[in-house]
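# Examining the three-dimensional arrangement
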Amino acid sequence: MAERSGRDSSSAYGVQANQGGRKVALANRATCRMDSLNVEAGMFLRDQTPNSKVPWTKTMSLAFQSIGVVYGDIGTSPLYVYSSIFPNSTPSTEDILGVLSLIIYTIILLPMLKYVFIVLRANDNGDGGTFALYSKLCRHAKVSMIPNQQPEDRELSNYDQEIPSKNTKQATKVKEWLESSRIAQQFLFLLAILGTSMVIGDGVLTPPMSVLSAVAGIKLHHVDADVWISVVILIMLFMFQRFGTDKVGFTFAPIVSIWFLLITSIGLYNLFKYDIGVLRAFYPKYIIDYFRRNGKTAWISLGGVIQCITGTEAMFADLGHFNVRAIQISFSTMVAPAVLSAYIGQGAYLTKHPDQVSNTFYASLPGCMYWPTFVVAVGAAIVASQAMISGAYAIISQSLSLGCFPRVKVIHTSAKYEGQVYIPEVNYALMVACLVITIAFKTTVQIGNAYGIAVVFVMVITTTMLTLIMLVVWETSIWKIFLFIIAFGLIELLYLSSVLYKFKQGGWVPLTFAFVLMTIMAIWHYVYIQRYKYELENKVSVDSMKQLLKNPEINKVPGIGLLYSELVQGVPPIFPHLINNTVSMHSVLVFVSIKALPISKVALQERFVFRRVEPRDYRMYRCVVRYGYKNVNEEPAEFERQLVQHLVEYIQQERLMNDDQKTVGEHEAVGTQNSSLLAIDIVRGRRSAIHIEESLQQKSAPNVLSGTIVADNMEKKLQEPEEEETQYIQNAMRKGVVYLLGETQVIAKQDSSFVKKIVVDYAYDFLRRNFRQGEEVLAIPRRRLLRIGMTYEI
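Residues numbered from 1 in each chain as written. Predicted model: local features only at pLDDT ≥ 70, side-chain atom pairs only at ≥ 80, totals over all residues. Heavy atoms only, no water.

This brings us to the overall build of the protein chain. Along the protein chain, the regular secondary structure elements total 26 helices and 14 strands. In the protein chain, buried positions account for 61% of the 794 residues. Of the contacts made within the protein chain by residues no fewer than 6 positions apart, 83% connect residues no fewer than 24 positions apart. For the protein chain, the computed accessible surface area is about 32,200 Å², with 59% contributed by carbon and sulfur atoms. (Helix = DSSP H or I, 4+ residues; strand = E, 2+ residues; numbered from the N terminus. Buried < 20%, exposed > 50% of the residue type's maximum accessible area, 1.4 Å probe, protein only. Contact = heavy atoms within 4.5 Å. Areas by Shrake-Rupley, 256 points an atom, 1.4 Å probe, with all protein chains shown as cover.)

Have a look at this one:
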């Protein structure tokens, strides 16, 4: 029988819960073949999609809220841009017009056209950022480095798939190339972690840059203490992080709205007072003339111009707290007009006072507005810093869930927003880095050289990944992709070449920081993959399981044992290691696999997938617990309750399935090592599908094929009534739950290369020992934890 996809098999063989789920109707076709856990987890109403209509009142409310959360960085850029463009010279009127024209069209092209109207469309079920783009690609092409993909994952309600278009052939070729090229997959992964590292680097540079530029105005009063005032503000900012993003952010969020109104009014005041003729800068010819006059100097000044759009990536990264329309409205109607007014007003002031370019913003203020503006500017700088710090926490949390970062403690600080987290280790590391940069560089000009590199690198990476999404996911026509690359890619590469020119003047800071982070993430992820492959290749066969459990000396321990393993199929090699050394097992044993999916969230009703593990008498089950990269891990008591509840429902539907399948043909198994294990995705009050799992191919088994399943003889008759088994499990639950966690030491094989031995035996081992252990990340109670030591040679 020809092999079918996940959707085909759901129509071939399904059960439907009717009026309370007690009546099961078999589909008209009786057989199916599957290649994984064979659970149709997608039989849900897709009523919670990010594209669902939101009332305009809600959208306008979100648009207003986003002003205080997203735009602090780009909103405070008028504090330092002109001084970064002309660090050591007094500009002429023509140069001021040329630079102003560059600023205007940079804001219009990159934040407005590229991000607001194109990039925001590439959201991952409402979430944005580098990992969101990478996850979207992983869903549509098999480019993930971890070999745990399963067809049923595509049926999740958040697992969006685009509608095929007439360019499907073109998309298929690119997809096949990505899936067959190991180099392309590694490049994509490195691109994703590079973008992530640069955003985290931005989180290190934004606080010193924003706070220093806001405090720098105090020099007008001949007070030369801006560096130490900034240090005090930064220490207080990081100390308050433990109270949560919402408390810190909302304390200062109204200030951002006041700030935008303030810079708009000051900009218009300066425009009409000094030189309304600077509006000529909207004519792009002034850009050409600027480059003709200044040549290389004009090209170098692009590194300062790009700082007018710092924080643009925050519109995409913080999208999960708002929606696309809200971001579009807030930027187009409030943010863009405000910052353009500020730059135009400063340009008008500089035409009359070009010698004040080093502190243009504060010098251009009306005398009575100095101190109110100074206070609001410091508050806005704190909000700008908070947005990037919170973004760094969220990105590391996502990296952790995808196995790309060593274990750290993630504290969720808001019951309203799941993405708002606090990571103590990262918080103090960022604080130290920010203080070092502030004290070492002292001025915004030097920090700006480093800042520009981080900003442009992230933009180039976003453009590259978005181009692949256009090819593979959106199936956009080639000429539109070409126009996108010409319009935005070439401009960003021009800016990148300029900021890299200042490598020695501070540009090395974000690149060094990103290199260190990338090295840590790459080492951790590499060993994570190799460890998974080791377990996959050495999983326990069905015959070995039966032989192992024949030992009459095995003692049954009361209660439920949760044996954690990264395998989503098969029994991990650590299980026979446990039995051989303890000669005991729990009365109910569940092999738990925490699986991170390349989507933002997995609904609770879709999270647990069960199957029974033979021999049946030992009451062993496989449970795959699926999380998105923004899901929150439950507390132990709640997790245990949910797991047992879904296990009981699984057993009940398994019984119903066996009772209603007596009229269908027989079960024909092909292969010698088949493990026909029933798998059900339980959904209370909704439709669910039920299938037989594939044969678990062992390392030594030659070309094992999955069985052709016919319903009557799928499973032997239950050895005890359904009520007896569920009661047994509930009694075991009352006697306690014990967590069995593998404490595996990973070492390189003797014949491994010298580099691999350094990476695995020293670098990875150092990270494993000095970061948090698995039970701390999973919040496992220590008094109910049993560690199982074992050595893996990879």
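So that's the structure; there's more coming.
The geometry of an aromatic ring pair comes down to the distance between the two centres and the angle between the two planes. With the rule as written, the count across this model stands at 22 aromatic pairs. Taking 5.3 Å as the distance between ring centres and 85° as the angle between the ring planes, the aromatic pair formed by Phe361 and Tyr362 counts as edge-to-face. An aromatic cluster is present here, built from Trp259, Phe361, Tyr362, Tyr370, Trp371 and Phe374 joined pairwise through their rings. When the ring centre of Trp474 is taken as reference, the NZ or CZ atom of Arg121 above it lies at 4.4 Å. Above the ring of Tyr728, the side-chain terminus of Arg619 is found at 3.8 Å from the ring centroid. (Phe/Tyr/Trp six-rings, centres within 6.5 Å; stacked < 30°, edge-to-face > 60°. Lys NZ or Arg CZ within 6 Å of the ring centre and 35° of its normal.)

Take the side chain of Thr726 next. Considering the arrangement of structural elements, one finds Thr726 in helix α24 (residues 722–734). By relative accessible area, Thr726 is classed as buried at 9%. Not counting the four nearest positions on each side in its chain, Thr726 is found in contact with Val648, Ile651 and Gln652.

A word on the packing of helix α9 (residues 226–239) against helix α16 (residues 370–401). Contact geometry of α9 with α16 gives a least axis separation of 11 Å together with a crossing angle of 45°. When the interaxial angle is binned, α9 and α16 end up oblique. α9 and α16 meet at a crossing whose hand is right-handed. Contacts from Ile233, Leu237 and Phe238 in α9 reach Val378, Ile382, Ser385, Gln386 and Ile389 in α16. In terms of residue class, the contact of α9 with α16 is made up of 6 nonpolar, 2 polar and no charged. (Axes fitted to C-alpha atoms, helices over the stretch in contact; angles between N-to-C directions. Parallel < 35°, antiparallel > 145°, perpendicular 65-115°, else oblique. Left-handed = near helix turned anticlockwise from the far one by under 90°. Nonpolar A, V, L, I, M, F, W, Y, C, P; charged D, E, K, R; others polar.)

Attention now moves to the pairing of strand β6 (residues 555–564). Here 8 bridges tie β6 to strand β7 (residues 584–596), and the two strands are oriented parallel to one another. Along β7, the bridge assignment pairs Gly561 with Leu589. Where β6 lies against strand β13 (residues 737–747), 4 bridges are found, and the strand directions are parallel. Directly across from Ile560, in β13, lies its bridge partner Val737. (Pairing = 2+ DSSP bridges.)

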